[in-house]
Amino acid sequence: MQIKTQLVAISPDQLDPTGIAHAADLIRAGKLVAFPTETVYGLGADALNPAAVERIFAAKGRPFYDPLIVHIADVSWLERLAVEIPPIAWQLTQHFWPGPLTLVLRKQASVPDVVTAGGPTVAVRAPRHPIAQALLQAAATPIAAPSANRFSHTSPTTAQHVWDDLAGRIEMIVDGGPTSVGVESTVLDVTGDVPVLLRPGGVTLEALVAVVGEVRQRSGAKNGGENAREKEEIVASPGLLDTHYAPQADLWLFQGQPATVRDAFLRMVDEERAKGKRLGLLLTEEDAQDVSLFSVYVLGPGRKGQVVIESLGSYARLDEVAQRLFAAMRALDAAGVELMLAHEFPEQGLGLAINDRLRRAARQVIA
Ligand code: TXA
Ligand code: MG
C-alpha cells in the first residue's frame, strides 16, 4: 500500500515548533517518521507501541530477528527501558550522552519483544541532534529507530537518501540537512564484566577505553576476510546482522599502504575500463594529488569506458571521510557505475568505523 509521505524541512538551528509538534503527534499516533540524528537518519516509531514498531520492519523490509535501537532524550529516561544498569553504563552516559554511543543493557519487561527481537537486552541511545532531541521531548515517549534505509542498503545521511529508499512507505520525513557524523553510533554491550564493542561508530574505541579502561573487541571485527559479508559474524550477534551497508554496484576494497593501493587502483582501472566497465572511485584528496596523473589518466581523452570519482576529503580528516562515505557511495550508484573501488583507512579513531562499513559493503577485499 502506498502512503503519502510528507517531506518537511526543519532547520536544526531554528527549530520550527509546529513541524516538530506535527512529527511528534504522528509518532504518538503510531505512525512512522524519519528524522535526522547526528549519525544518520533514523526511521522512528513509538518504541512502546508494538504495532507501530512492526511497521518499521515492514517499511524497511527488515527481518524481525534484527533488534532496534531505542532513542531517549536523556539519561533520566534510561530506567524506563533497562534494568540492572551497571556503574560503568552510568559512567559512559555521563561522558558520551547525548551522542553517538548506543548501550546494550538488560531490558525492562515493558519493552516490547518486537523491539528487541525477543531477546533479554535492549539497545539504547540519547542522540544529540537538536531535531532528534526536540522530537523526543515533544513525543515524550522513547522512539525506536533503525537507520532509515531499505534493509541492506547504505544508511541515509540526507533526507533525499531517505526519500529515495522509503517514499510511499512512511508518513513523514523531517529534512534537517545532512548529518554531521555520517556513520552510525558505536554499539557497546555493557551487560558483561567487560564492555564488548559490537559495532564501531561515531564514538571511537580510544575514547571509550579512556573512560572505562578495557573494551573487548568482537572477534573477527578487524579482518574483512575474502568476502566481507561474513556469515559467522551474523551468528555471533544480532548486532552484526546489518552486514551489508551495500551500494547497488559491486565494491572492491583495497587493503594496505596508500601508495601501494594507488598503484593497484591504477592497474585495476586500466583493466576494468578495457573491459568497458563503468567505474566509480572513492578517493581522498591526497590520492588525487599524489597521483596528479590520475586525473589525466582517468579522465583524459580517447579512453574507452567512464570513470566517476567521489572525493571523501582529506586522508588526515577521518571525520570528513566518515561524514561523506555513505553519500559518496550513493552518488556513485546514482551515476550508474558498475564497479566501485575504495581503499581502507588507518585503523584508528573513526578509521575503525569507516573500515568496518567499507568491509561490510565490499564484495571483495584485495589485500
Ligand atoms: O546511529 C545509529 O545507531 C542509527 C541512528 C538512527 O540512531 N541507528 C542505527 O540503527 O544504526 P540500525 O538498526 O541500523 O542498527 C542498530 C544495530 C543493529 O546492527 C542491531 O542488530 C544492533 O544495533 N542492536 C540493536 N539491539 C541490539 C541488542 N539488544 N543487542 C545487540 N545488538 C543490538
Ligand atoms: Mg542500519
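Above this text is the structure in question.
Anyway, here's the lowdown on the structure attached to this text. (Residues numbered from 1 in each chain as written. Chains lettered and ligands numbered in written order. Predicted model: local features only at pLDDT ≥ 70, side-chain atom pairs only at ≥ 80, totals over all residues. Heavy atoms only, no water.)

1. Thoughts on the overall build of the protein
Note the threshold: Secondary structure elements are defined from DSSP: runs of H or I of at least 4 residues count as helices, runs of E of at least 2 residues count as strands, and each element is numbered from the N terminus. Burial classification: accessible surface area is computed with a 1.4 Å probe over protein chains only, and a residue below 20% of its type maximum counts as buried, one above 50% as exposed, and the rest as partly exposed. Residue contacts are counted whenever heavy atoms from the two residues lie within 4.5 Å of one another.
A count of helices and strands for the protein gives 13 helices and 17 strands. The buried share of the protein, taken over its 367 residues, is 57%. Of the contacts formed within the protein by residues at least 6 apart in sequence, a portion of 72% connects residues at least 24 apart.

2. Structural notes on the sheet that holds strand E13 (residues 250-254)
What counts here: By the convention used here, strands pair only if DSSP detects at least 2 bridges between them. Orientation is described by lines fitted to C-alpha atoms, with helices fitted over the stretch in contact, and by angles between N-to-C directions that extend from 0 to 180 degrees.
Taken in spatial order, the five strands line up as E15-E14-E16-E13-E17 in an open sheet, and their pairing is parallel. A single partner strand is all that each edge strand has here, and the edge strands are strand E15 (306-311) and strand E17 (364-366). Strand-to-strand, the axes of this sheet are offset by a mean angle of 20°, without reference to chain direction. Examined bridge by bridge, strand E14 (residues 278-283) and strand E16 (residues 339-343) share three bridges and lie parallel to one another. Bridging from a neighbouring strand, leucine 281 pairs with leucine 341 of E16. Helix H13 (residues 351-361) contacts E13 and E16 of the sheet and is inclined by roughly 135° relative to E13.

3. Observations concerning the packing of aromatic side chains
For clarity, the cut-off: The aromatic pairing rule takes the rings of Phe, Tyr and Trp, using the six-membered ring of Trp, and pairs them if the centres are within 6.5 Å, calling planes under 30 degrees apart stacked, those over 60 edge-to-face and the rest tilted. The rule is short: NZ of Lys or CZ of Arg within 6 Å of the ring centre and within 35 degrees of the ring normal puts a charge over the ring.
The tally for this structure, following the rule as stated, stands at two aromatic pairs. Both rings, one in phenylalanine 57 and one in phenylalanine 64, keep their centres 4.7 Å apart while their planes meet at 35°; by these two values the pair is tilted. Between arginine 80 and the ring centre of tryptophan 77, over which it is positioned, the NZ or CZ distance is 4.9 Å.

4. Concerning unusual backbone geometry
Residue proline 98 is bonded to the preceding tryptophan 97 through a cis peptide linkage, with omega at -5°. Inspection of the secondary structure assignment puts proline 98 in the loop between helix H3 (87-96) and strand E6 (101-107). At alanine 140, a residue that is not glycine, the phi angle is positive and equals roughly 55°. Looking at the element boundaries, alanine 140 is found in the loop between helix H5 (130-139) and strand E8 (143-144). One non-glycine residue with positive phi stands out, namely serine 152, at about 80°. Tracing the backbone through its elements, the reader meets serine 152 in the loop between E8 and helix H6 (159-166). Taking the relative accessible area as the measure of exposure, serine 152 reaches 22% and is therefore partly exposed.

5. Examining the side chain of threonine 116
Tracing the backbone shows threonine 116 in helix H4 (residues 113-116). In this structure threonine 116 comes out as buried when scored by relative accessible area, which is 5%. Apart from the residues within four sequence positions on either side, threonine 116 is in contact with Pro67, Lys107, Val111, Thr121 and Val122.

6. Regarding the pairing of E13
Buried residues dominate E13, accounting for four of its five residues. Here E13 runs beside E16; their pairing, made up of five bridges, is parallel. Pairing of tryptophan 252 across the sheet is with leucine 341, part of E16. Direction of pairing for E13 relative to E17: parallel, over a ladder of three bridges. Bridging across to E17, tryptophan 252 finds its partner in glutamine 364.

7. Focus on the pattern of salt bridges
Basically, it comes down to this: By definition here, a salt bridge exists when the distance from a side-chain nitrogen of Lys or Arg to a carboxyl oxygen of Asp or Glu is within 4 Å.
Summed over the entire model, instances satisfying the criterion amount to 15 salt bridges. Two residues, arginine 317 and aspartate 319, come together in a salt bridge whose shortest N-O distance is 2.8 Å. Arginine 317 sits in the partly exposed class, given a relative accessible area of 39%. Three or more residues joined by partner-sharing salt bridges are found here, namely Glu184, Asp356, Arg357 and Arg360.

8. Brief notes about the layout of surface pockets
The line we're drawing: Using a grid of 1 Å spacing that covers the protein atoms alone, one calls a set of points a cavity when a 1.4 Å probe fits there but cannot get out, and a pocket when the set is open and has protein on both sides within 12 Å along at least five of seven lines; lining residues are those with an atom within 4 Å of a point. Grid points are joined across faces, edges and corners, and a volume is the space filled by probe spheres set on the points. Residues are grouped as follows: nonpolar covers Ala, Val, Leu, Ile, Met, Phe, Trp, Tyr, Cys and Pro; charged covers Asp, Glu, Lys and Arg; every other residue, Gly included, is treated as polar.
Of the pockets and cavities examined, the second largest pocket occupies roughly 160 Å³. Around the second largest pocket, the lining is made up of 13 residues, and of these Asp164, Asp165, Gln248, Arg330 and Asp333 lie nearest the centre. Broken down by secondary-structure element, the contributors of at least two residues to the lining of the second largest pocket are H6 and helix H12 (318-334). For the lining of the second largest pocket, the leading source of residues is H12, giving five residues. For the lining of the second largest pocket, the class distribution of residues is five nonpolar, four polar and four charged.

9. Looking at the environment of valine 111
The residue valine 111 is located in the loop between E6 and H4 in this model. Given the relative accessible area of 3%, valine 111 is considered buried. Taking the C-alpha atoms as reference, valine 111 lies 9.0 Å from proline 50; in sequence the two are 61 residues apart.

10. So, the pairing of strand E7 (residues 121-125)
Burial analysis of E7 places four of its five residues in the buried class, the great majority of the element. For E6 and E7, the ladder comprises four bridges, and the chain directions are antiparallel. By the bridge assignment for E7, arginine 106 is matched with threonine 121.

Function-wise, these values are silent; they only describe arrangement.
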